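Take a look at the letters that make up each chain.
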Amino acid sequence: SAVISQKPSRDICQRGTSLTIQCQVDSQVTMMFWYRQQPGQSLTLIATANQGSEATYESGFVIDKFPISRPNLTFSTLTVSNMSPEDSSIYLCSVGALSYNEQFFGPGTRLTVL
Amino acid sequence: AQKITQTQPGMFVQEKEAVTLDCTYDTSDQSYGLFWYKQPSSGEMIFLIYQGSYDEQNATEGRYSLNFQKARKSANLVISASQLGDSAMYFCAMRPNTGNQFYFGTGTSLTVIP
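In this report, the structure presented in the accompanying data block is examined. (Residues numbered from 1 in each chain as written. Chains lettered and ligands numbered in written order. Predicted model: local features only at pLDDT ≥ 70, side-chain atom pairs only at ≥ 80, totals over all residues. Heavy atoms only, no water.)

**Points about the packing of aromatic side chains**
Across all of its chains, the model carries 15 aromatic pairs over all chains by this definition. The interplanar angle of 70 degrees and the centroid separation of 6.2 Å between the aromatic rings of F104 of chain A and F47 of chain B together place this pair among those described as edge-to-face. Placement of F104 of chain A in strand 10 (residues 103-105) and of F47 of chain B in strand 6 (residues 46-52) is noted, with the two residues assigned to different chains. Judged by relative accessible area, which is 24%, F47 of chain B ranks as partly exposed. When the centroid spacing of 6.1 Å and the interplanar angle of 45 degrees are considered together, the rings of Y37 of chain B and F104 of chain B count as tilted. With Y37 of chain B in strand 5 (residues 32-39) and F104 of chain B in strand 11 (residues 103-104), this residue pair connects regions lying 67 residues apart in the sequence. A single burial state applies to Y37 of chain B and to F104 of chain B, both of which are buried. An aromatic cluster is present here, built from Y35, F104 and F105 of chain A together with F35, Y37, F47, Y50, F102 and F104 of chain B joined pairwise through their rings. Taking the ring centre of Y64 of chain B as reference, the NZ or CZ of R63 of chain B above it sits at 5.7 Å. (Phe/Tyr/Trp six-rings, centres within 6.5 Å; stacked < 30°, edge-to-face > 60°. Helix = DSSP H or I, 4+ residues; strand = E, 2+ residues; numbered from the N terminus. Buried < 20%, exposed > 50% of the residue type's maximum accessible area, 1.4 Å probe, protein only. Lys NZ or Arg CZ within 6 Å of the ring centre and 35° of its normal.)

**Observations concerning the interface of chain B and chain A**
For interface size, the figure often reported is the accessible area lost on association. With 20 residues of chain B at the interface, the matching set in chain A holds 19 residues. When chain B packs against chain A, the two sides together hide about 1600 Å² of surface, and 54% of this comes from carbon and sulfur. Of all residues in chain B, M45, N100 and F104 of chain B give up the largest surface area on contact with chain A, accounting jointly for 30% of the area buried on that side. Contributing elements (two or more residues each) for the side of chain B that touches chain A: strand 5, strand 6 and strand 10 (88-96) of chain B. Sort the elements by how many residues they give to the side of chain B that touches chain A and strand 5 of chain B lands first, with three residues. Classifying every residue of the side of chain B that touches chain A by side-chain character gives eight nonpolar, 10 polar and two charged. (Contact = heavy atoms within 4.5 Å. Buried area = accessible area lost by both parts, 1.4 Å probe. Nonpolar A, V, L, I, M, F, W, Y, C, P; charged D, E, K, R; others polar.)

**Structural notes on the sheet that holds strand 3 (residues 19-25) of chain A**
Residues and elements named next belong to chain A. Strand order in the open sheet formed by four strands is 1-3-8-7, and the pairing between neighbours is antiparallel. Every other strand in the sheet has two partners, leaving strand 1 (4-7) and strand 7 (68-72) as the edge strands with one partner each. Each strand of the sheet is rotated relative to its neighbour by a mean of 15 degrees, with strand direction disregarded. In this sheet, strand 8 (residues 75-80) lies alongside strand 7 in antiparallel orientation, the contact comprising three bridges. If you follow S69 over to strand 8, its bridge partner there is T77. (Pairing = 2+ DSSP bridges. Axes fitted to C-alpha atoms, helices over the stretch in contact; angles between N-to-C directions.)

Shown next as structure tokens:
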């Protein structure tokens, strides 16, 4: 299984500021995924991050709001820009294994925007 | 379009008893994977079990088993011998094998009563 760490684990931020979340994996992976889980809701895919190319964003998410970096095969960052209280969520990084029967998630970053 | 339905927002089970968490899905894909995740209050997503759409046998992982009925498009999770530590949110998810997008249900909150 993949071991995934995220930083920070939680943060409280002011409206209008930006926060960058880091995701580190203990093995090289082709694809990394960023999800958002709003309070009491299920998970929604924000974007897919491939190393060496632009991230692919899902409907309703844009690069200006959620810029993503993927500098190598073990690391990615997600920035939540110009935050508002509606951005208060858990943000989770996820990777798939070589076989299709596994998909692992990081511990999540719990963000509160005041 | 893909859709995952979990009709039980909350469930209670007596410790040491078995419980079934329901999940139905809708997809036009012929090849896909079904996943169950556990999310404790800490927020991490813990992978429990996987079932491939072409697997003829129901998947089992320790106390977890998946009751897969392909014709009915259902993938219910059965937890045997419930433990207090099983209290958490449980999410059913489906991923078509043609892509990497996960589709999550709205989750079921399970409470194990001593």
